[in-house]
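Reading the structure
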Amino acid sequence: MQTDRLIEIRRDLHRIPEPGFQEVKTQQYIKKTIEEFPQDNIEIKPWRTGLLVRVTGSAPEKTYGYRADIDGLPIPEETGAAYQSSHKGFMHACGHDFHMTIALGVLAHFAAKQPKDNLLFIFQPAEEGPGGAQPLLESEEFRAWKPDEMMALHIAPEYPVGTVATKPGLLFANTSELFIDLKGKGGHAALPHLANDMVVACSQLVTQFQTIVARNVAPLDSAVVTVGKISSGTKQNIIAEHARLEGTIRTLSIESMDVVKKRIESLVSGIETGFDCAASINYGANYCQVYNNHASAERFMAFTRKRENSVLVECEKAMTGEDFGYFLEEIPGLMFWLGVNSPSGLHSSTLDAKEEAIPFAVQLLIDYLEDVQKK
Ligand SMILES: CC(=O)N[C@@H](CCC[C@H](N)C(=O)O)C(=O)O
């Protein structure tokens, strides 16, 4: 596919970010784009708001899977780009517009030039939450076309275009969402002794959480407890009856995830006693770690290392999460970071990923998928 067309697709998708399992326009757009490709060897199946697309090989011995996530984030965009999001309050701030475009570019190539083996392209909803990978893996649609190997990429703002970063083994952390509701007693701001203020309880709780990683997780292990959102109160002179904390937990080991959750439960229970309020905890979506199969990662790294115009970095593991980890629990494969050279990071309202990374990644993946099929 020509670079101009890839950029056009990326910008079209960038304009229409949608939350997890509501990617209706995105699904339609992807389907319509695929319908422009030669159809002889292609079959498409919708799965909820996602799509599975199989390219039948000429003499298939294996199926190679490639997954792109398709949901956007609830972030009001501030890039000022001409193709800025037209969905108020939502933005492709985690690069899923890039991920989809790259998958479409690779698919376009193999639709026109039949591969030897089968290829499965997975346009997966709800990566940012509540998690599309796990239910998709269990679906009949996926089971019928289950690949023998899987790959996916994630954009990396911190690396220049042309850089690929990955490693064998653990790449991304275990994650759990965190939602806590506190209920006390509202009242007049001037009469605090007659109320039970959940702004104060909630503030204490967030401060106490800061001791979990510092004092409860083994120093050579790593964990993160981030509260990304607090909602409470109705007016400046009313004592708040409710408070809600929304956050995420990240750990490198499953054991530490249990430690962190138990500690959160104790601290919340202490707040209930200390502030005479009621509390409930909901862990939302949990993602397992992303663990690259050693042989798959080493083969891909060796290929990229010797390829002209690509720079291979053997990176450190990161505390980011990805439900692609569920694919890698069942199917050997790998995930890698793709350099997009943006001064602003992932989940930022000013993320400015460089579009030159798109044709670079499309060609890299085409070359790699052609290479693995020769073996
Ligand atoms: C690459 C990336 O940014 N992934 C997200 C995954 C979100 C997991 C889940 N919704 C959570 O918040 O725990 C990330 O935030 O790392």
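In this report, we go over the structure that sits alongside the text. (Residues numbered from 1 in each chain as written. Predicted model: local features only at pLDDT ≥ 70, side-chain atom pairs only at ≥ 80, totals over all residues. Heavy atoms only, no water.)

**Details of the packing of aromatic side chains**
Evaluated as defined, the whole model comprises nine aromatic pairs. Measuring from centroid to centroid gives 6.2 Å for Phe-21 and Trp-47, while their planes differ by 65°, and the two rings are edge-to-face. Placement of the pair is Phe-21 in the loop between helix 1 (3–15) and helix 2 (24–35) and Trp-47 in strand 1 (residues 42–47), with a sequence separation of 26 residues. Ring geometry for Phe-142 against Phe-327: centres 5.7 Å apart, planes inclined by 70°, an arrangement best described as edge-to-face. Residue Phe-142 is found in helix 5 (residues 140–144), and its partner Phe-327 is found in helix 9 (residues 324–330); the two are separated by 185 residues along the sequence. A relative accessible area of 0% places Phe-327 in the buried class. An aromatic cluster of three or more residues is present, and its members are Phe-300, Phe-303, Phe-336 and Tyr-368. Seen from the ring of Phe-21, Arg-48 lies directly overhead, with NZ or CZ sitting 3.7 Å from the centre. Taking NZ or CZ as reference, Lys-261 lies 4.4 Å from the ring centre of Tyr-283, over its face. (Phe/Tyr/Trp six-rings, centres within 6.5 Å; stacked < 30°, edge-to-face > 60°. Helix = DSSP H or I, 4+ residues; strand = E, 2+ residues; numbered from the N terminus. Buried < 20%, exposed > 50% of the residue type's maximum accessible area, 1.4 Å probe, protein only. Lys NZ or Arg CZ within 6 Å of the ring centre and 35° of its normal.)

**Observations concerning the pattern of salt bridges**
Going through the model one piece at a time under the given rule, you end up with 24 salt bridges. Residue Lys-116 is joined to Glu-61 by a salt bridge in which the shortest nitrogen-to-oxygen separation is 3.1 Å. Taken together, the residues span a long stretch of sequence, with Lys-116 in the loop between helix 3 (96–112) and strand 4 (118–124) and Glu-61 in the loop between strand 2 (50–55) and strand 3 (63–69) at a distance of 55 residues. For Lys-116, a relative accessible area of 26% corresponds to the partly exposed category. Of the charged contacts in the structure, one is a salt bridge between Asp-117 and Lys-116, with a shortest N-O distance of 3.2 Å. What you see here is one network of salt bridges that share partners, running through Arg-10, Arg-11, Asp-97 and Glu-355. (Salt bridge = Lys/Arg side-chain N within 4 Å of Asp/Glu carboxyl O.)

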